[in-house]
Amino acid sequence: FAAQRHVLTYMEDAVSQLLENREDISQYGIARFFTEYFNSVRQGTHILFREFSFVQATPHNRASFLRTFWRCFRTVGKNGGKYSSICYLLTAEEYHCLLQLLCPDFPMELTQKAARIVLMDDAMDCLMSFSDFLFAFQIQFYYSEFLESVAAIYQDLLAGKNPNTVIVPTSSSGQHRQRQPPNDCNPLEGVEASLFYQCLESLCDRSKYSCPPSALVKEMLSSVQRMTFYGFLMALAKDQGINRALGALPDKGDLFLDPAMDQELEKLVAQVSGLSVSGPASSNADTANIPIRNSPRINSPWKPLHHRRKMDAESEGSNEETDSSEN
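In this text, all values refer to a predicted model and were calculated from it rather than measured experimentally.

Draft legend 1. Up close: the packing of helix H7 (residues 92-102) against helix H8 (residues 108-119). Two elements in contact, H7 and H8, have axes separated by 9 Å at closest approach and are oriented at 130 degrees. By the angle between their axes, H7 is oblique relative to H8. For the element pair H7 and H8, the recorded crossing hand is right-handed. Facing Ala92, Glu93, His96 and Leu99 of H7, the residues of H8 in contact are Met108, Thr111 and Ala115. Of the residues assigned to the contact of H7 with H8, the class counts are four nonpolar, two polar and one charged.

Below you can see the structure in the form of structure tokens.
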């Protein structure tokens, strides 16, 4: 159970964070730190602003990152039908900027691979809807190692080689190799779907990485005679059964619904509206009557402390420069 849930990974990370911020953590106790750490793991907020090597370290981390990306930026595609050509279609580079807001060192290569699933033969600077990119990104990010092996199998089948000679990636270093797009000389041909499935079934049986459910892959490939590589990736991205099995995102029809988040936004809007209405009438009142914005913010007990010390140092340096410039 411990290995399946990657408990050791989280214990090592918790201890590392504890040692890195031991001076700050000592103020409220080690027990509270571990409680808050594993609560954040359970809630899926532990991946916020963390390095990519940690974000992709476990299936739970990947699913948490996907869910967080969706919740933070779902409004990018909400009501996209009315002004889609202006506001709600973005390029791969723009989606990458959104990803970097959550994970500063997120690799551009993964974003480009996800975009290629959507765009296929189109230029990489073409615009994509949020839903199209999100579901393609989910497949590419969560099943990254699996797709690397699928690409190798597909190339071998195109070349007429024995697919049993394909080597399954075993490195968990987190370094994603540059995947060369399979050479579909005739994109309408591809490879024989039944043989392709046999190879994928064998891959799933011996792979230690996350793979889509074999039954759903079989159902997908049994409906066609031949399949191209990017046709297969697009089918994975569009399959709602695979999406439900992964469990990170809602169905496509519910993609822009998040009642809990909507309630929080409504509360914030109501607060802002109340302040704007009462603002002019109380402009001459005592400043003590002005509401002070002190919104509660739940942060992990390790990274924000580190960032706060860094920001304090930068602030002190900025003040020194300002003082010297004034003199």
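Draft legend 2. Summary view of H8. Between its terminal C-alpha atoms H8 stretches 16 Å, which fits the 16 Å expected from 12 residues at 1.5 Å a residue. Burial of H8 is extensive: nine of the 12 residues sit out of reach of the surface. Considered for burial, the residues of H8 that qualify are Glu109, Leu110, Thr111, Lys113, Ala114, Ala115, Ile117, Val118 and Leu119. In this fold, the buried residues of H8 make contact with helix H4 (52-55), H7, strand S2 (128-129), helix H9 (130-142), helix H10 (144-158) and helix H13 (229-238). Just downstream of H8, methionine 120 is the residue with a positive phi angle, here 55 degrees.

Draft legend 3. Representation of the confidence of the model for the protein chain within the structure. Averaged over all residues, the pLDDT of the protein chain equals 79, while 72% of them reach at least 70. Counting contacts from residues 80-87, a segment whose pLDDT is below 50, to residues more than four positions away or on other chains yields four contacts. Per-residue pLDDT stays below 50 along residues 279-302; that stretch engages in 12 contacts with residues further than four places along the chain or on separate chains.

Draft legend 4. Quick peek at the pattern of salt bridges. Counted under the stated rule, the structure contains eight salt bridges. A salt bridge links glutamate 148 to lysine 113; the shortest N-O distance between them is 2.7 Å. Linking glutamate 148 in helix H10 with lysine 113 in helix H8, this pair joins segments that are 35 residues apart in sequence. Taking relative accessible area as the criterion, glutamate 148 reaches 13% and is therefore assigned buried. Residue lysine 113 is classed as buried on the basis of its relative accessible area, which comes to 6%. One connected set of salt bridges, linked through shared partners, spans Asp13, Arg50 and Glu51.

Criteria and thresholds
- Residues numbered from 1 in each chain as written.
- Predicted model: local features only at pLDDT ≥ 70, side-chain atom pairs only at ≥ 80, totals over all residues.
- Heavy atoms only, no water.
- Axes fitted to C-alpha atoms, helices over the stretch in contact; angles between N-to-C directions.
- Helix = DSSP H or I, 4+ residues; strand = E, 2+ residues; numbered from the N terminus.
- Parallel < 35°, antiparallel > 145°, perpendicular 65-115°, else oblique.
- Left-handed = near helix turned anticlockwise from the far one by under 90°.
- Contact = heavy atoms within 4.5 Å.
- Nonpolar A, V, L, I, M, F, W, Y, C, P; charged D, E, K, R; others polar.
- Expected span 1.5 Å × (residues − 1).
- Buried < 20%, exposed > 50% of the residue type's maximum accessible area, 1.4 Å probe, protein only.
- pLDDT = per-residue confidence, 0-100.
- Salt bridge = Lys/Arg side-chain N within 4 Å of Asp/Glu carboxyl O.

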